[in-house]
Every structure is written in C-alpha cells, then in structure tokens.
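What follows is each chain in one-letter form.
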Amino acid sequence: MSGAAPVGRFAPSPTGDLHLGSALALLAAWASVRSRGGTFVWRVEDLDGPRAVPESPERQMADARWLGFDWDHGPGLGGPDAPYRQSERFELYDEALRQLAAAGRLFPCRRSRKDLRALASAPHGASGLPPYPARWRPSELAPDWFASLGERPDCALRFRVDDGPVTFADGVVGRITEDVRETTGDVVLKRRDGVFAYQLAVVVDDLAMGVTEVVRGMDLLDSTARQVLLIRALGGTVPAYAHVPLLVNAEGEKLSKRDRPPSIRELRERGSAPEAIIGWLAGALGQIGGSAPRTAEAVAATWDLTRVRPDPVLVPADIADRFMS
Ligand code: GLU
C-alpha cells in the first residue's frame, strides 16, 4: 500500500448500530488512508431493502463521528461519485451485468440452494454449499438473452468462473491462492428475487469510486478471490487488500448475541469515552502495546499495517466497564 494518495472506504450494511467489530475495521481503514493523506469514502450498502433499518446509516455515521472519524465523500456530503447509497446505484450494477453478458461471462440460472445442497457427496465450499457445478450452465444461450430478460425474469444471474487459481496479497494475512472453481464455482450476481448480490455491487462501486485499498473484517477474506475475478472481468484494477482480525469471546467463538459487547451507541449512552474505545481497538490492531486511551487521529499518526496480526482478538466479558470515563 504505497505510491499515490490512497482512496479507502468504509461500507457498512445498515442493519443495526455500529458495534466494536465494525469500529475495528473502520479504525484500520480510516487510519491507513489518513496516515498517507488519502481520501476516505463512506458508502451505505443497503442493497437488501427488507434487511435495511431505515435510521441505521445516520446512526452509524453519527457514532463514527463521535469516535473521531471523518470522511471526504459520503451520504449527505456528496462527492464526485455520488450517490453513496447502493440502493440509488442500480443502473451501474445493471450496466456491469450487461458488460459481463456481452463478454459471455453471465448466464441465467434457475437452480436453487436446495438443488445445490442436494449434491451431498460433493465437497462443500466456503459458503457451506458445494461449488456450483459447471455442468449446470446452459449449453447454449440466444445471442439476445440478456436484452430480452424482462423486469422480473424469475432467474438468478451467475458469473461464469472459467479462471484458474487466483492469487492476491493480503496486507495482514499474506499471500492467498484460491481456485474459485473449486470453492464456490459460478457466482450469483443478481438473485432470483431481483436483488443485486453484494459481490457485484461492492466491486462495481469500489471501481467506480477509484478505491485503491480495501481494509475490512476477516469475515470477508473468503469473498476476495471472487471479487478479484470480477474486477478482472470488468477490466478494472485490483485494489490492495487487508483483512483485520475478528473479535471473539473467551471460547474463541465469534461473538454471539449473548456475549456481544454493547453497541457503540449503547457505550456512548452509558458514558464511555471515545478515546477509551479507540485505545482498546488500537491495541487489538497491534498499534499500541496496551490499550491506553487514544484519539483516532493519534492512531493514524503512527499507523503501521505490518503490526496488525491476523489472529482473532479476545473481547473480555467486562469490556464495557473498561470504557467508562
Ligand atoms: N457491507 C459489508 C458489511 O457490512 C462490507 C463490505 C466490504 O467492506 O466489502 O459487512
């Protein structure tokens, strides 16, 4: 991650208040860009209407500001690549699908997850489902198949993965090689119910917004190879990637509803100090020895990606008490 001024982004799904895990990714993404005088973009990933909580984006942005973050472009602020809400960017996703269809990389699919699950003997990939079998692709497609799809075509659209193993360098995890044909196979880009897939929208938006580095949570590491293939198929430049550790409980498990620490909003309302939260996050990212209070600004001033370890970070059960000022 060097060279010209970077462009980074934070792209939360508006499904609830910011929590500690998302704040960790936000701190890393923001400090990485701010430490090198780059541009930071806030994007609302509200593709899935029914799951989106209407007041979430405003609450998330308010809590991020309270933690000490700022951004150059985003909802409400505008910017050269507005709008910054995915629900207002469907034309771009349609255009990308058109481009992929014209290049022979897209096909209509009427198989269900149930069909896939029924392939019980096949090895299961990252999604817990076997990879989409190439034999299920249509053997022939009419030249105008894409143009003649109606508004609600009752089929999913899948990206055809013909590529061999893909390799990318992750700034935290290191070099990763994945053969997407064996892990997930052909990728859904638009669901049968008409919702654009995250994999498509994230790639189209990162390209359109000139994002040069993607810093986000480890849970998205296994989406990255698919995204690299899509970027290549769309003729874009692959950004630098860095996936920051997940937060886990004492048993080493992903935080559940039961042991998840209070949201940033709740911490704020209970009288926590933003510097206490940022200090703990900076410690979790290996930026400081302990977890003494820090401002986001101070973390950016000495930011060093090479100090971030990929291992999951334990969240102590009494974490909220430590944040009290
Ligand atoms: N919207 C995704 C999430 O909230 C993040 C997407 C990304 O950073 O690529 O998990």
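Keep in mind it's a predicted model, so treat the numbers as computed, not measured.

Enquirer: Help me understand the overall build of the protein in this model?
Expert: Along the protein, the regular secondary structure elements total 11 helices and 11 strands. For a compact globule of 325 residues, the expected C-alpha radius of gyration is about 20 Å, and the protein comes in at 20 Å, within 12% of that figure. Counting only C-alpha atoms and orienting by the principal axes, one finds that the protein spans roughly 65 × 45 × 40 Å. Sorting the 325 residues of the protein into buried and exposed places 50% on the buried side.

Enquirer: Looking at this model, I keep getting lost on the layout of surface pockets. Mind explaining?
Expert: Picture a little ball the size of a water molecule; that probe, rolled over the atoms, points out where space is still empty. Roughly 410 Å³ of volume is contained in the second largest pocket. Lining of the second largest pocket is provided by 19 residues; of these, Asp94, Gly150, Glu151, Pro153 and Lys190 occupy positions nearest its centre. The dominant element in the lining of the second largest pocket, judged by the number of residues it contributes, is helix H3 (residues 90-102), at 4 residues.

Enquirer: How should the site of the ligand be read in this particular structure?
Expert: What surrounds the ligand is the set Arg9, Ala11, Pro12, Ser13, Glu45, Tyr198, Val202, Arg216 and Leu220. Protein chains bury 79% of the 300 Å² of accessible surface belonging to the ligand in isolation. Grouping the constituent residues of the shell around the ligand by class yields 5 nonpolar, 1 polar and 3 charged.

Enquirer: Teacher, can you tell me more about the pairing of strand E9 (residues 240-244) here?
Expert: Side chains on a regular strand alternate between the two faces of the sheet. Burial analysis of E9 places 4 of its 5 residues in the buried class, which makes it a mostly covered element. Across 5 bridges, strand E8 (residues 213-217) lies against E9 in parallel orientation. Pairing of Arg216 across the sheet is with His243, part of E9. Remark: the E8/helix H7 (residues 221-233)/E9 crossover connection has right-handed handedness.

Enquirer: Help me understand helix H9 (residues 274-284), please; the structure alone is not making it clear to me.
Expert: Helical geometry note: an α-helix holds 3.6 residues per turn, so side chains three or four residues apart project in the same direction. The buried fraction of H9 is high, at 9 of 11 residues. Along H9, the positions that sit buried rather than exposed are Pro274, Ala276, Ile277, Ile278, Gly279, Trp280, Leu281, Ala282 and Ala284. Backbone geometry just downstream of H9 places Gly286 in the positive-phi region, at approximately 70°.

Enquirer: I keep staring at the side chain of Arg158 and nothing clicks. Help me out?
Expert: Topologically, Arg158 is positioned in strand E4 (residues 156-159). Buried and without a salt bridge, Arg158 has Asp186 as its closest oppositely charged side chain, separated by 6.4 Å. Only 2.9 Å separates the side chain of Arg158 from the backbone oxygen of Asp186, close enough to count as a polar contact. With residues up to four places along the chain from it excluded, the contact list for Arg158 reads Arg105, Leu106, Phe107, Cys109, Leu116, Tyr132, Asp186, Val187, Val188 and Leu189.

Enquirer: So what exactly am I meant to see when it comes to unusual backbone geometry here?
Expert: Most peptide bonds take the trans form, and the phi angle of most residues other than glycine is negative. Note that the residue after Ala82, namely Pro83, is joined by a cis bond; omega there is 0°. Here Pro83 lies in the loop between helix H2 (56-67) and H3. Located in the positive-phi region is Asp154, a residue other than glycine, with phi close to 55°. Tracing the chain through its elements places Asp154 in the loop between helix H4 (113-117) and E4.

Conventions we followed
Each chain carries its own residue numbering, running from 1 in the direction its sequence is written. Given that this is a predicted model, residues contribute local features only at a pLDDT of at least 70 and side-chain atom pairs are listed and counted only at 80 or more, while totals for whole chains, interfaces and linings are drawn from all residues. To obtain the side-chain values, all non-hydrogen atoms of the structure were used and water was disregarded. Per the convention used, a helix needs a DSSP run of H or I reaching at least four residues, while a strand needs a run of E reaching at least two, with both numbered from the N terminus. We take the radius of gyration over the C-alpha atoms and set the globule estimate at 2.2 Å times the residue count to the 0.38 power. Exposed residues in this analysis have more than 50% of their type's maximum accessible area, buried residues have under 20%, and partly exposed residues fall in between, with area computed by a 1.4 Å probe over protein chains only. Both site types are read off a 1 Å grid over the protein atoms alone. A 1.4 Å probe that fits but cannot get out defines a cavity, while an open set with protein on both sides within 12 Å along at least five of seven lines defines a pocket; lining residues have an atom within 4 Å of a point. Grid points are joined across faces, edges and corners, and a volume is the space filled by probe spheres set on the points. Residue proximity to a molecule or strand is established when one non-hydrogen atom of the residue lies within 4 Å of it. Only the protein chains shown count as cover for residues, with accessible areas throughout obtained via the Shrake-Rupley method and a probe of 1.4 Å. Residue polarity is assigned by list, with Asp, Glu, Lys and Arg as charged and Ala, Val, Leu, Ile, Met, Phe, Trp, Tyr, Cys and Pro as nonpolar; anything else, Gly included, falls into the polar class. Each pair of strands is called paired provided DSSP finds at least two bridges between the two strands. Consider the strands pointing away from the viewer: the crossover is right-handed when the path from the first strand over the helix to the second runs clockwise. The charged-residue count follows a simple rule in which Lys and Arg add positive charge and Asp and Glu add negative charge, with His and chain termini not counted at all. In the sections that follow, a salt bridge refers to a side-chain nitrogen of Lys or Arg positioned within 4 Å of a carboxyl oxygen of Asp or Glu. Each polar contact in these results corresponds to two N or O atoms within 3.5 Å; when the atoms are within protein, one needs to be able to donate a hydrogen and the other to accept it, and residues that are neighboring in sequence are counted only if both atoms are side-chain atoms. Note on contacts: a residue pair qualifies if any of its non-hydrogen atoms lie within 4.5 Å across the two residues.

So far we have only geometry, and geometry alone does not tell us how the molecule works.
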